[in-house]
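Architecture at a glance
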Amino acid sequence: MEALLSHFEILSDQSLYDKSFDPSMIEDLMKLFEVEAYKSWAAMELEQQKDVEEAEHTVREAEDYLDSVMESAMEEFRRFEEEMVRNSKAELGSLVDKAENARKMGKSMEKAASVASKRYVEAAVNSATASMKSAWKGLSNPNKVHPS
């Protein structure tokens, strides 16, 4: 393009000083400018197409990387979730076992209290029976004198 501009300057100067100058030379030069402009435009278009393809490739790589990272994060989340479920089940099982043991202990204590209560009632009844028997013996035996 610089060479064409330089040639145009020379032709312009020549057209001013040379009376036999042929104007078709400038027209031919203008056609060369047009061809050079189309070449430049085509080169820019090609460069732009390469840039677009490179950008699309970079975007695909970024998407692939993002997909990989997301898949890795989801896999880690799934493992974490499974671990939490296992831990929760284990803790629930432990709590159920403790509750079952507490229920058994409560039943055992209830039985023990019931047995103790029955024995207490039996002892009270036996004591009352013995007192009554003793009182009847005392009433039935006329030989005994009351100390008062």
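Residues numbered from 1 in each chain as written. Predicted model: local features only at pLDDT ≥ 70, side-chain atom pairs only at ≥ 80, totals over all residues. Heavy atoms only, no water.

Moving on, we get to the nonpolar core. The biggest cluster of nonpolar side chains holds five residues, and these are Leu4, Leu11, Phe21, Leu29 and Phe33. The set of elements that each furnish at least two residues to this core consists of helix 1 (2-17) and helix 2 (24-140). With residues up to four places along the chain from it excluded, the contact list for Phe21 reads Leu11, Gln14, Ser15 and Ile26. (Core = buried A, V, L, I, M, F, W, Y, C linked by side-chain atoms within 4.5 Å. Buried < 20%, exposed > 50% of the residue type's maximum accessible area, 1.4 Å probe, protein only. Helix = DSSP H or I, 4+ residues; strand = E, 2+ residues; numbered from the N terminus. Contact = heavy atoms within 4.5 Å.)

Here the focus is the pattern of salt bridges. Counted by the stated rule, this structure contains four salt bridges. Arg78 is the partner of Glu71 in a salt bridge, and the nearest nitrogen-oxygen pair spans 3.6 Å. On the accessibility criterion, Arg78 (32% relative accessible area) is partly exposed. The residue Arg103 makes a salt bridge to Glu100 at a minimum N-O spacing of 2.4 Å. Linking Arg103 with Glu100, this pair stays in helix 2, spanning three residues, or about one helical turn. Taking relative accessible area as the criterion, Glu100 reaches 30% and is therefore assigned partly exposed. (Salt bridge = Lys/Arg side-chain N within 4 Å of Asp/Glu carboxyl O.)

Purely geometric stuff here, so don't read any function into it on its own.
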